[in-house]
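Observations on the three-dimensional arrangement
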Amino acid sequence: MNVYDSTRMSDVLAPLGYLPTDQPDGADMIILNTCHIREKASEKVFSELGRLKQMKQEKSADGGRMILAVAGCVAQAEGDEILRRAPQVDLVFGPQTYHRLPELVTRTLRDENAGGVLDIDFPLESKFDALPEESVVEGSAAFLSIQEGCDKFCTFCVVPYTRGAEFSRPASDIFAEAQRLVAAGAREITLLGQNVNAYHGSAPSSVFAAQSGASVTPGTWGLGRLLRYLAEIDGLERLRYTTSHPRDMDDELIAVHGDEPKVMPYLHLPVQSGSDRILEAMNRRHTADDYRRIVERLRESCPQLALSSDFIVGFPGERDEDFADTLRLITDVGYAQAYSFKYSPRPGTPAEAIEQQIDETVKSERLETLQNLLSAQQVAFNQASVGHTMPVLMEKTGRREHQLSGRSPFMQSVFVEANRRLLGEVVEVRIDKAHARSLEGSVVTGSYNGIAAAGATSSSQAPSSSQATGPVGGPAMEAAS
C-alpha cells in the first residue's frame, strides 16, 4: 500500500516540477512514507529524521531549501508528536490527504517560519477522485489500490484509527486504472487493500460497460466479481490481491481461484494465531477450525494453491498451550512462506491495556521456534519445485551479468541466465535449484512468444489436481522433458 501511495504522491507533485530522485543528498523535498503497525517502524521514523536534519541544514548552508515531510500512518497517529520532537519537519500529512499535497507544499513554501504544516483530517471526499492519472509504470508488475481502511477492529491493530473506515472504489474506476497500467506495460496487477477481500464497490454503469467492452452485472460487487471483470482486460496476464481476512473469503472469491486462470494460485491469508482463546482476545471473530475449513475449501477449488500468512507470538495472555495450538495449525495447513512477529503494543489499541503482557525473552523464544517451523516448510515447498517447469514473469535484472529475476505463480523469486529482451515476458522456466527463499532455473527454449499467458489451460501452465503436488498443496507442475 505504501509503495502505491508513494507512487501516487510523485504523480501529484509532478505538476509542481518535482521529479523522483534516487539519492536524498541535495533533494528539494524528502517525504518519509511511514507505517505504524509495529513500534520499531515508528521509532525508525524519528531516527531517520535525526539523520535528515543534517542534510537539511547543509542544503540551507548552500543557499537552498529542503522540505522535509512525514506521510502515512505514523503521521496520522503521531502528527503533533512529530512536530514537537522533530521541529525540522516542515509538513506532516496522513494517508487520506496526500491528494492535497500541492496546496500543502504551497503553504509550506509561503512562510518558512510558520512552523510545521499539519493535515491529518479524514476528508469527506475520496482522495482517489482528486488524484491525477498515473504517470509511469516501472516494470511489468504494478499495484492498484481498490480498498482502504478496516472495520474489523482487531485489538492489536491501529489500521482503523490511521486509515479509517472501509472504503471501496467503484469498479469502473478500478477497471480504467487497470487498463492504463496494462497499456503502460504492466503484465501483472496486485490489488491492494488493508482488508482487500472486504471490497464492496459499486458496479459499472451500462454506458461504461459498453465503452470498455466488458460484461457487467448491476449492484454492489465483491472481490470475486471484480477479479473476473479485470481478467477481461486484454494484455493483463496475472492478478493477485493482498491483504485478506478469513471472514471475507466468500463463495464467489473461493470459486474464482479455481476457474479464473489469470488469478494466480497464491493467497496471503493472515490468521495471527492458532489458539481460539487468543483469537477471541484479538477480536478476530473466527476460530482456528474456521480457518482450517476455509483453507480446505480453497484447496478444493484450486488444488495447487500456495498459502502464506501472518503470525503474532506473545500476544497478551498467550500461554504455552496457546502457542502449541499455533504450531499445530501451521503443521496442519502448511505454508509456502509467512511473516511472523513478536507482539508489539500500539498506542490506543485495546490490547495495549491488557495486563498479562508477555516477557520479551519468552516472546523471542517462541518466535524462534515458530520461524524455524515456517522456514522448514518454505524450504520444503521450494525444493518440491526442482525438476518442474513453471511460467515466470521476468520483472528485473539480477545482481549478476545476464541474470534476470522474476516471480513464479506461487510468488517465489526465480533467477535465470537470460537475455534482457525477456523482461516483461512470461516464460517457461525449468527449476534446477532451490534455496531457502528463491529458485534458480533455465528458460525452456521456445517457451515465450511475447503474449504467453500465465495460467493458460495447457498442462504445462495450469496443473490439474491429478498431478503430483508439493508439501502444501502446490506447486503442482508438469515435469520438464
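Predicted model, so just to flag it, every value in this text is computed and none were measured.

So, on to the overall build of the protein chain. The secondary structure content of the protein chain amounts to 13 helices and 19 strands. With 481 residues in all, the protein chain has 52% of them scored as buried. Across the protein chain, every contact between residues at least 6 apart in sequence was considered, and the portion connecting residues at least 24 apart equals 71%. Of the roughly 21,100 Å² of accessible surface on the protein chain, a fraction of 48% belongs to carbon and sulfur atoms.

It is worth spelling out the packing of helix α1 (residues 2-13) against helix α4 (residues 101-110) at this point. Where α1 contacts α4, the two axes come as close as 9 Å, and the packing angle between them is 65 degrees. As summarised for this structure, α1 and α4 are arranged roughly perpendicular, according to the angle between their axes. From α1, M9, V12 and L13 reach across to α4, where they touch L101, P102 and V105. Looking at side-chain class alone, the contact of α1 with α4 contains 6 nonpolar, no polar and no charged residues.

With that settled, the discussion passes to the pairing of strand β14 (residues 337-342). As defined by bridge partners, strand β13 (residues 306-313) adjoins β14 across 6 bridges and the pair is classed as parallel. Paired with S308 across the bridge in β14 is Q337. Since β13 and β14 lie parallel, the crossover through helix α12 (residues 320-333) that links them has a hand, and here it is right-handed.

As a further point, take the pattern of salt bridges. Taken as a whole, this structure holds 30 salt bridges when the rule is applied. In this structure, R169 engages E177 in a salt bridge whose closest nitrogen and oxygen atoms are separated by 2.9 Å. With a relative accessible area of 6%, R169 lands in the buried category. A relative accessible area of 1% means that E177 is categorised as buried.

Scanning the model with the defined rule gives 6 aromatic pairs in all. On the numbers, 4.9 Å between centres and 85 degrees between planes, the contact of W221 with Y229 is edge-to-face. Side by side, W221 and Y229 carry an identical accessibility label, which is buried. Taken together, a centroid distance of 6.0 Å and an interplanar angle of 80 degrees make the contact between F381 and F410 edge-to-face.

Time to look at unusual backbone geometry. Geometrically, the link from T242 to T243 is a cis peptide bond, its omega value of 5 degrees lying close to zero. With respect to the helices and strands, the residue T243 is situated in the loop between β11 (238-242) and α9 (251-259). For F153, which is not glycine, the phi torsion reads 55 degrees and is therefore positive. Mapping F153 onto the fold places it in the loop between β6 (147-148) and α5 (159-162).

Taking 1.5 Å per residue as the helical rise, α12 with its 14 residues ought to reach 20 Å, and the 20 Å between its terminal C-alpha atoms agrees with that figure. For α12, the complete set of buried residues consists of D322, F323, T326, L327, L329, I330 and V333. Looking straight down α12, one finds its buried side chains confined to an arc of 155 degrees; they lie on one side. Opposite the packed face of α12, turned more than 90 degrees from it, sit the exposed residues D320 and T331. Among the structural elements, α10 (276-281), α11 (288-301), β13 and α13 (360-383) are those in contact with the buried residues of α12. Looking one or two places after α12, you find G334, whose phi comes out positive at around 80 degrees.

Here we take up the packing of α11 against α12. Direction vectors running N to C along α11 and α12 enclose 10 degrees, while the axes themselves pass 11 Å from each other. As the angle between them shows, α11 and α12 are arranged roughly parallel. For the pair α11 and α12, contact is made by A288, Y291, R292, V295 and R299 and by R328, L329, D332 and V333, respectively. Across the contact of α11 with α12, the residue classes break down as 5 nonpolar, no polar and 4 charged.

Bringing the environment of Y335 into the picture now. Among the secondary structure elements, Y335 is positioned in the loop between α12 and β14. A C-alpha to C-alpha distance of 9.7 Å links Y335 and A380, two positions 45 residues apart in sequence. A distance of 3.1 Å separates the side chain of Y335 from the side chain of Y291, its partner in a polar contact.

Attention now moves to the sheet that holds strand β2 (residues 67-72). Strand order in the open sheet formed by 4 strands is β1-β2-β3-β4, with parallel pairing between adjacent strands. If you trace the sheet from one side to the other, it starts and ends with β1 (29-34) and β4 (117-119), each paired once. Between one strand axis and the next, the sheet turns through 10 degrees on average, direction left out of account. Against the sheet, helix α3 (residues 73-85) contacts β1, β2, β3 (91-93) and β4, and its axis sits at roughly 135 degrees relative to β2. Its contacts with the sheet place α4 against β1, β2, β3 and β4, and it is angled at close to 155 degrees to β3.

Formed by 52 residues in total, the largest nonpolar core has its most connected members in L191, L223 and L226. Element by element, the count of residues in this core is highest for helix α6 (residues 171-183), at 6 residues. Ignoring sequence-local partners within four residues, the contact set of L223 consists of I146, L191, V196, N197, Y199, Y241 and L253. Core analysis: the next-biggest nonpolar cluster, separate from the first, contains 17 residues, I30, V45, M66 and I82 among them.

Read from one edge to the other, the open sheet built from 3 strands follows the order β5-β8-β11, with strand pairing classed as parallel. Each of the sheet's edge strands pairs with one partner strand only, and the pair in question is β5 (141-145) and β11. Strand-to-strand twist in this sheet, taken as the mean axis angle between neighbours without regard to direction, amounts to 25 degrees. As defined by bridge partners, β5 adjoins strand β8 (residues 188-192) across 5 bridges and the pair is classed as parallel. The residue bridging A142 from the neighbouring strand is I189, located in β8.

Cut-offs applied
- Residues numbered from 1 in each chain as written.
- Predicted model: local features only at pLDDT ≥ 70, side-chain atom pairs only at ≥ 80, totals over all residues.
- Heavy atoms only, no water.
- Helix = DSSP H or I, 4+ residues; strand = E, 2+ residues; numbered from the N terminus.
- Buried < 20%, exposed > 50% of the residue type's maximum accessible area, 1.4 Å probe, protein only.
- Contact = heavy atoms within 4.5 Å.
- Areas by Shrake-Rupley, 256 points an atom, 1.4 Å probe, with all protein chains shown as cover.
- Axes fitted to C-alpha atoms, helices over the stretch in contact; angles between N-to-C directions.
- Parallel < 35°, antiparallel > 145°, perpendicular 65-115°, else oblique.
- Nonpolar A, V, L, I, M, F, W, Y, C, P; charged D, E, K, R; others polar.
- Pairing = 2+ DSSP bridges.
- Right-handed = clockwise from strand over helix to strand, strands pointing away.
- Salt bridge = Lys/Arg side-chain N within 4 Å of Asp/Glu carboxyl O.
- Phe/Tyr/Trp six-rings, centres within 6.5 Å; stacked < 30°, edge-to-face > 60°.
- Expected span 1.5 Å × (residues − 1).
- Arc of directions from axis to C-beta.
- Polar contact = N/O pair within 3.5 Å; in protein donor to acceptor, adjacent residues only side chain to side chain.
- Core = buried A, V, L, I, M, F, W, Y, C linked by side-chain atoms within 4.5 Å.

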